[in-house]
Amino acid sequence: MSSIGDLSGRIALVTGASRGIGQSLATALADAGATVLAGVRGEPGREAQAREAGPAAIHPIAFDVRDVDATRRAVDAAVAEHGRIDILVNNAGLGREHDPLEVTEADWDELHDVNLKGAFFVTQAVGRHMVAARYGRIVMISSQASLVGLPRSAVYCATKAGLNGLARTLALEWAPFGVTVNCVAPTWIYTPGTAGRLDLPDFRQSVLDRIPVGRIGQPADVAAAVTFLASEASGLITGAVLPVDGGWTVQ
Ligand SMILES: NC(=O)c1ccc[n+]([C@@H]2O[C@H](COP(=O)([O-])OP(=O)(O)OC[C@H]3O[C@@H](n4cnc5c(N)ncnc54)[C@H](O)[C@@H]3O)[C@@H](O)[C@H]2O)c1
């Protein structure tokens, strides 16, 4: 077995890798030795720069996770080019808040199409190859919102709780084939998607008041957990939901 966190020679796909947590995950997995396919929505050149560094590399791969056919084509083409995908991180996601009495069908579909349906069909497309290859590490970027209620977040919480359910079931289905499926459940992480809220002093303080370790998360906090779960060394861990939340959900 390779050492903890060593991803040398592995091929990894990270969705939503153009910015925020996903960008940090792509860098962390590449720094751990993997060749990383960095999922972006539009033109690769515009959203992510290819990086060649030592044995590791980051290559943009363009598909919208809401497009099931395009997802499958992109995954199959990546496997044809690189031989396999060993690691999948389902990170692409949207965060929106709503008054539950005002949620529309469009609001519901917007979040579910990316956060849950998108993640499932990326996982299906990659899972076919992993099951055939008898090896895989799949990590869902869930949220503390999958474990506790959050104000104005009924729809978001439902999508993330759905990811936990998917992971548990796929963990059972694919354990015999050497494929593990786990979730990481972060608290508030400072990214371009959350900066607008977290830069508001009152809001920031209200978040800090709920995090016993006393700081807002950084993408690197999530990357540390994902790198471990993406490695061969985590092979006996499957179907788990790992909070990266500074203690928010233990209260
Ligand atoms: N930032 C936080 O506080 C926090 C906390 C818990 C969980 N999360 C989860 O972590 C993930 C990343 O969050 P972030 O804050 O970095 O978000 P972000 O908004 O900064 O980045 C989201 C990424 O997803 C991509 N994306 C969105 N829709 C897509 C689509 N249809 N197809 C392909 N890619 C798409 C975007 O292009 C972007 O790269 C999300 O799943 C989010 O729910 C974030």
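These numbers come from a predicted model, not from an experiment.

Colleague: I'm lost on the environment of T187 in this one. Help?
Modeller: You can see T187 is positioned in the loop between β7 (179–186) and α6 (195–198). Taking the relative accessible area as the measure of exposure, T187 reaches 8% and is therefore buried. Sequence separation between T187 and T71 is 116 residues; the distance between their C-alpha atoms is 28 Å. Of note is the side chain of T187, whose polar atom sits 2.9 Å from the side chain of Q144.

Colleague: For this particular structure, what's the right way to read the site of the ligand?
Modeller: Of all residues adjacent to the ligand, which total 27 residues, the nearest are R19, D64, Y156, I189 and T191. Taking R41, its side chain carries an N or O atom lying 3.2 Å from an oxygen atom of the ligand. When the ligand is considered free in solution it has 830 Å² of accessible area, and contact with the protein chains removes 92% of it. Of all the secondary-structure elements, those providing two or more residues to the shell around the ligand are α1 (20–31) and α5 (154–174). Of the residues contributing to the shell around the ligand, the split by class is 11 nonpolar, 11 polar and 5 charged.

Reading the values: the criteria
- Residues numbered from 1 in each chain as written.
- Predicted model: local features only at pLDDT ≥ 70, side-chain atom pairs only at ≥ 80, totals over all residues.
- Heavy atoms only, no water.
- Helix = DSSP H or I, 4+ residues; strand = E, 2+ residues; numbered from the N terminus.
- Buried < 20%, exposed > 50% of the residue type's maximum accessible area, 1.4 Å probe, protein only.
- Polar contact = N/O pair within 3.5 Å; in protein donor to acceptor, adjacent residues only side chain to side chain.
- Near = heavy atom within 4 Å.
- Areas by Shrake-Rupley, 256 points an atom, 1.4 Å probe, with all protein chains shown as cover.
- Nonpolar A, V, L, I, M, F, W, Y, C, P; charged D, E, K, R; others polar.

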